[in-house]
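If you want the building blocks of each chain, they are given just below.
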Amino acid sequence: MTRYDDDAERTFAALPPAQGRAFAQTWWGRSWLKALEDAALDTAQVKTGRRLARAGAVGAVSVRPGRITAVVTDRDRTAHRADVLLEKLSDAQWDRFVDLAIERSGHVAALLDRDMPPHLVEDAATAGIDLLPGLGDLEPECDCGAWDHCGHTAALCYQVARLLDQDPFVLLLMRGRAESTVLDALQTHGGAPAQESAARPAGVDAAEAYAAGHVLPPLPALPVLREGPGVPPSLETEAVPPAGVDPVALAHVASQAAVEAHRLLAEALRGEALGDGQALQAAYAEPTASQDAVRLAAGDPGPEVLHRLGEGSGRDAAELAVAVRAWRLGGAAALSVLEEEWTPEDETFARARAALGAAWGEEERPSLRARANRWTAVGAPHQLRLDRDGRWWPYRRERGRWLPVGSPAQDPATALAAAALAADEETA
């Protein structure tokens, strides 16, 4: 058996005032405070202690097996020594605790990561080992003469909750074991160095996370999406940029990253609200380098950046301008329709012809010449292009080049009418 670390002691410097923050952020820190608040007979003294701790009236805290000590200064500048006692675990209990810690994968790694696995605490409690204090376990002693928790011992408990948040080994020391002793025992019993356990991936398994649900606070509400993207920091400084870095291009990339992040978040939230998994998947579709160059060009960069984007995507100035036009109408889907030619199934053509026939009479029906997914009006500068989602995009011919002129429609007759309308407006 291992012996108690009766000579082990850690001293923590006085913490700054805790203005505007809760004393305990972790579930074990809140459990510590619950033991104090549930057992105190005078709630006014607990509130006094909370105010003293929040004001920074607690001096350096000494932690050793079975006892914590600090000097607490009243508002009238009177200093009092406050102690809180906590029963130490027996040697047999410590041996059983070490066995429990190494039984489940992740417990040792969590402890080394300054986390207290709730499943380990529950298993220990089932085995009769109470790591966290319960009702009446925090025994106060103060030179002010109070027989129950006074403002000074309560202030000490609140301050220790902050220390526990940072390091759960403080609790283990109060229960009788220094950190080095615990780690040596884990290494000896587990057959593997504690350093190897520390190298394991950080985290807590699902059972432990679920077990802590009753002591964890509810998740905060989702932030409200801003109306527009944020503005990146300015790069206008006196520092000379490194070789190969263009500040103008970098500023444009940063601003467009903010725009894209805002769009993705908006689409993801909209898809989540509608329960639309496909919308979520589409929102996070990874663009190709060619598509991303067009997206950046659609953000109206300067001429030099625009030229670099064209070269990088293999497009001349005219081709890039048309691609940007398509992107602004429908993003990556519209760009694919502009640049991709593919052959639909015969059934798709049959449905399209039926829709066109229903929209016009036999004599008024426009004559269309089909090639792959593109239907061109004979004798008119109109064209329809079908995307892989079954939507028709209106195009018109201008200066020898086909240009997208509107949003897509499921009905080819509607898309053809939009193409004709755009051509009429252009000649008007």
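Up top is the structure.
This is a predicted model, so every value here is computed, not measured.

(A) Quick look at unusual backbone geometry. Of note, Arg77 is a non-glycine position whose phi angle comes to about 75°, a positive value. Within the fold, Arg77 resides in the loop between β3 (67-73) and β4 (79-85). Despite not being glycine, Arg399 has its phi angle at roughly 55°, a positive value.

(B) Expanded view of the packing of helix α2 (residues 43-54) against helix α6 (residues 151-166). Two numbers describe how α2 lies on α6: the axes approach to 7 Å, and their chain directions differ by 55°. Looking at the two axes, α2 sits oblique to α6. Handedness of the crossing formed by α2 with α6: right-handed. Across the interface between the two elements, Gln45, Val46, Thr48, Gly49, Arg50, Leu52 and Ala53 from α2 touch Gly151, His152, Ala154, Ala155, Tyr158 and Gln159 from α6.

(C) Focus on the side chain of Arg374. Relative to the elements of secondary structure, Arg374 occurs in strand β7 (residues 374-377). You can call Arg374 buried: its relative accessible area is 12%. Setting aside chain neighbours within four positions, we find Arg374 in contact with Val337, Leu338, Glu339, Glu340, Glu341, Arg369, Gln383, Leu384 and Arg385.

(D) Just the sheet that holds β3, in detail. The strand order across the open sheet built from five strands is β1-β2-β3-β4-β5, with neighbouring strands paired in antiparallel fashion. In the strand order of this sheet, the two ends are held by β1 (10-12) and β5 (139-142), each with one partner. Strand after strand, the sheet turns through a mean of 20° between neighbouring axes, direction not considered. Pairing analysis gives four bridges linking β4 to β5, with the strands arranged antiparallel. Note that in β5 the partner of Asp83 across the bridge is Glu141. Strand contacts of α6: β1, β2 (61-64), β3, β4 and β5, with the helix running at about 65° to β4, the strand carrying the most contacts.

(E) A look at the sheet that holds strand β10 (residues 401-404). Spatial strand order, β6-β7-β8-β9-β10: five strands in an open sheet with antiparallel pairing. Strands with a single pairing partner mark the edges of an open sheet, and in this sheet they are β6 (368-371) and β10. Here the strands of the sheet are splayed against their neighbours by 30° on average, with no regard to which way each runs. Here helix α16 (residues 346-359) sits on the sheet and contacts β6, β7, β8 (382-386) and β9 (392-398); the angle it forms with β7, its principal contact strand, is near 30°.

(F) Geometry of the packing of aromatic side chains. Scanning the entire structure with this criterion turns up five aromatic pairs. Note on Trp94 and Phe97: the rings are 5.5 Å apart at their centroids and 90° apart in plane angle, and the pair reads as edge-to-face. Of this pair, Trp94 and Phe97 both sit in helix α3 (residues 91-103), three residues apart, which is roughly one turn of the helix. Grouping residues by exposure puts Trp94 and Phe97 together as buried.

Calculation notes
- Residues numbered from 1 in each chain as written.
- Predicted model: local features only at pLDDT ≥ 70, side-chain atom pairs only at ≥ 80, totals over all residues.
- Heavy atoms only, no water.
- Helix = DSSP H or I, 4+ residues; strand = E, 2+ residues; numbered from the N terminus.
- Axes fitted to C-alpha atoms, helices over the stretch in contact; angles between N-to-C directions.
- Parallel < 35°, antiparallel > 145°, perpendicular 65-115°, else oblique.
- Left-handed = near helix turned anticlockwise from the far one by under 90°.
- Contact = heavy atoms within 4.5 Å.
- Buried < 20%, exposed > 50% of the residue type's maximum accessible area, 1.4 Å probe, protein only.
- Pairing = 2+ DSSP bridges.
- Phe/Tyr/Trp six-rings, centres within 6.5 Å; stacked < 30°, edge-to-face > 60°.

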